[in-house]
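# Understanding the architecture of this molecule
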Amino acid sequence: MGLEELVKKAAGLLAEARWPIALTGAGVSTESGIPDFRGPQGLWRKYDPDEFTFSSFMENPARYWKRHLEIFAGLGEAKPNPSHYALARLEEVGRLKCVITQNVDGLHQKAGSRNVVEFHGSLSQAKCLRCGSLYPMAGVEARVKSGEIPPKCGCGGLLKPNVVMFEEPIPFEALSKAHSEALKCDLMLVAGTSASVYPAAELPYIAKFGRSPMNFPGLEPVQKSKPAKIIEVNLSPTQLTNTIADCSLLGKTGEILPKIVKEVERLLEG
Ligand SMILES: [Zn+2]
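## With respect to the packing of aromatic side chains
Per the counting criterion, the structure on display carries 4 aromatic pairs. Ring geometry for Phe52 and Tyr64: centres 5.8 Å apart, planes at 75°, overall edge-to-face. Of this pair, Phe52 sits in the loop between β1 (20-24) and α2 (54-59) while Tyr64 sits in helix α3 (residues 61-72), placing them 12 residues apart in sequence. Judged by its relative accessible area of 6%, Phe52 falls in the buried class. For the pair Phe57 and Tyr64, a centre-to-centre distance of 5.2 Å together with 80° between the ring planes defines the contact as edge-to-face. Per residue, the accessibility class of Phe57 equals that of Tyr64, and both read buried. The lysine or arginine in question, Arg143, covers the ring of Tyr135, its NZ or CZ lying 5.9 Å from the ring centre.

## Considering the domain arrangement of the protein chain
When the domains of the protein chain are assigned, the result is domain 1 (1-33 + 80-120 + 170-270) and domain 2 (35-77 + 122-163). Here the C-alpha centroids of domain 1 and domain 2 sit 28 Å apart. The interface of domain 1 with domain 2 comprises 9 residues on the first partner and 11 residues on the second. Taken together, the two surfaces of domain 1 and domain 2 that pack against each other cover about 660 Å², and 58% of this comes from carbon and sulfur. Where domain 1 packs against domain 2, one counts 0 salt bridges. Our count for the contact surface shared by domain 1 and domain 2 stands at 1 residue pair in polar contact (both at pLDDT 80 or more).

## Re the coordination of the zinc ion
Here the zinc ion is held by Cys128 (SG), Cys131 (SG), Cys153 (SG) and Cys155 (SG), and the distances to it run 2.3 to 2.4 Å. Here the zinc ion binds 4 donor atoms, and the angle range of 102 to 118° at the metal identifies the geometry as tetrahedral. Ordering the donors of the zinc ion by residue number gives the pattern C-x2-C-x21-C-x1-C. One end of the pair, Cys131, is in the loop between β4 (121-128) and β5 (134-136); the other, Cys155, is in the loop between α6 (137-145) and β6 (159-163), with 24 residues separating them in the sequence. Residue classification places Cys131 among the partly exposed residues on the basis of a relative accessible area of 44%.

## Focus: the sheet that holds β6
Strand order in the open sheet formed by 3 strands is β5-β4-β6, and the pairing between neighbours is antiparallel. Where the open sheet ends on each side, the last strands, each with one partner, are β5 and β6. Each strand axis lies, on average, 40° off the axis of its neighbour in the sheet, ignoring direction. Sheet analysis places β4 next to β6, joined by 4 bridges and oriented antiparallel. Bridge pairing in β6 links Cys128 to Leu159. With respect to the sheet, α3 is in contact with β4 and β6, its orientation differing from that of β6 by roughly 45°. Of the strands in this sheet, β4, β5 and β6 are in contact with α6, which crosses β5 at around 80°.

## As for the pattern of salt bridges
Applying the stated rule across the entire model yields 9 salt bridges. For the salt bridge of Lys160 with Glu168, the shortest nitrogen-to-oxygen distance reads 3.1 Å. As a salt-bridge pair, Arg266 and Glu263 come within 2.8 Å of each other at their nearest N and O atoms. With Arg266 and Glu263 both in helix α9 (residues 253-269), this residue pair falls 3 residues apart, about one helical turn. Judged by relative accessible area, Glu263 falls into the buried class, the value being 12%.

## Considering the environment of Met58
Among the structural elements, Met58 can be located in helix α2. Overall, Met58 belongs to the partly exposed group, its relative accessible area being 41%. The sequence separation of Met58 and Ala86 amounts to 28 residues, and the corresponding C-alpha distance is 39 Å. If we skip the residues at most four places from it in the chain, Met58 touches Leu129 and Leu158.

Analysis parameters
- Going along each chain's sequence as written, the residues are numbered from 1 onward.
- The predicted nature of this model means local features are confined to residues of pLDDT at least 70 and side-chain atom pairs, given and counted, to a pLDDT of 80 or more, with totals for whole chains, interfaces and linings taken over all residues.
- In computing side-chain values, all of the structure's heavy atoms are included and hydrogens and water are not.
- Pairing of aromatic rings covers Phe, Tyr and Trp, the last counted by its six-membered ring, and requires centre-to-centre distances within 6.5 Å; plane angles under 30 degrees mean stacked, over 60 mean edge-to-face, and any other angle means tilted.
- Secondary structure elements are defined from DSSP: runs of H or I of at least 4 residues count as helices, runs of E of at least 2 residues count as strands, and each element is numbered from the N terminus.
- When a residue's accessible area, from a 1.4 Å probe over protein chains only, is under 20% of the maximum for its type it is buried; when over 50% it is exposed; and in between it is partly exposed.
- Placement of a positive charge over a ring is assigned whenever Lys NZ or Arg CZ falls within 6 Å of the ring centre and within 35 degrees of the normal to the ring plane.
- In this entry, domain limits derive from an automatic or database-based domain assignment.
- Here, two residues are considered to be in contact whenever any of their heavy atoms come within 4.5 Å of each other.
- A 1.4 Å probe defines the accessible area here, and the buried area is the portion of it lost by two parts on being joined, summed over both.
- Note on definitions: salt bridges are taken to be side-chain nitrogens of Lys or Arg within 4 Å of carboxyl oxygens of Asp or Glu.
- N or O atoms closer than or at 3.5 Å make up a polar contact, with two conditions inside protein: a donor-capable atom paired with an acceptor-capable one, and, for residues adjacent in sequence, both atoms drawn from side chains.
- Metal-coordinating donors are taken as N, O and S atoms lying within 2.8 Å of the metal, or within 3.2 Å when the metal is Na, K or Ca; because water is left out, some sites can appear incomplete.
- Under this scheme a four-donor centre is tetrahedral when all angles range from 85 to 135 degrees, a four-donor centre is square planar and a six-donor centre octahedral when opposite donors are above 155 degrees with the rest from 65 to 115, and any other centre is irregular.
- Following DSSP output, two strands are said to pair if at least two bridges run between them.
- Structural elements are reduced to axes, namely lines fitted to C-alpha atoms, with helices fitted over the stretch in contact, and the angle between N-to-C directions of any two is expressed from 0 to 180 degrees.

Below is the structure:
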C-alpha cells in the first residue's frame, strides 16, 4: 500500500472508532528541537545515564542542577510542531479520548491537548521533596542561574525537576490511567515511539489482547472480546510493524499525522 492509501485506511479506522487513544514518544517532539535520549544523536551518547539516577541526584543535587541547565534550559520555550497540533485537533473533533506520552516536554498540552497522561512527569515544574509543593520550572531555572544551587522550597526542602528519574517508579496514577485506557480503547494510535521500553511497551499489547506479555503485579489479565486496532506512525519499523499493527505508516510524524487528521475531518464532514 502506498502512503496515500495508508493515510486513508488510518483515517477510516479513526473515524469509526468508539474509543480511540494515542501513545506518543520522543519522535513527535524531535521536530520541536527536543533532544531524545536513546536515539543515535540521543543524550545517552553524550551523558552518562548514571548521573541521572535518583540516588545520584540525592548525592549531589547541585551537580545535577548544573547538568539540568546545560541540557534542558530553554526547553520551556520549545514550541509544539504539526504532530502535537494534529493530535490536539483529533481530540477537538472528538476522535481522540486521551494522549499517553513518554515525553516530559509538555508540548501536547501547549498544542491544546486536554487529556494527557504523562508517564515520566514533566519538566515544566519542579517539586519540593519535603512538602510536595510545585513550582514553575522557568522561575526555578532562573534562580539556579543566579547562583541559588541547589534551589530550595520555602519550607527548606530540596527542589527536584518533577520528572521520573532512573530508579524512581512510574507514578501510580499515570500507570493505572494508562492501563485502564488501553483496556477500554478500540483503537490505539502509536506515534513517534518504537514502544520498546516499559511501561509504554506493554500498552499496545494490552489494547490488542487485554493483557501484557510482561509480568507485572497488580493487574488482572483480562481477555479482550474485541481487539483494538493499532495504527503506528514512526520514522522506522518497530516491533509492532508486521506483527500487531493493523496499519504502519513510516515517515515523520509531523508530516503524516496532519495528513491523517485532514482525511478524518473530510470523512466526518461527509
Ligand atoms: Zn517544601
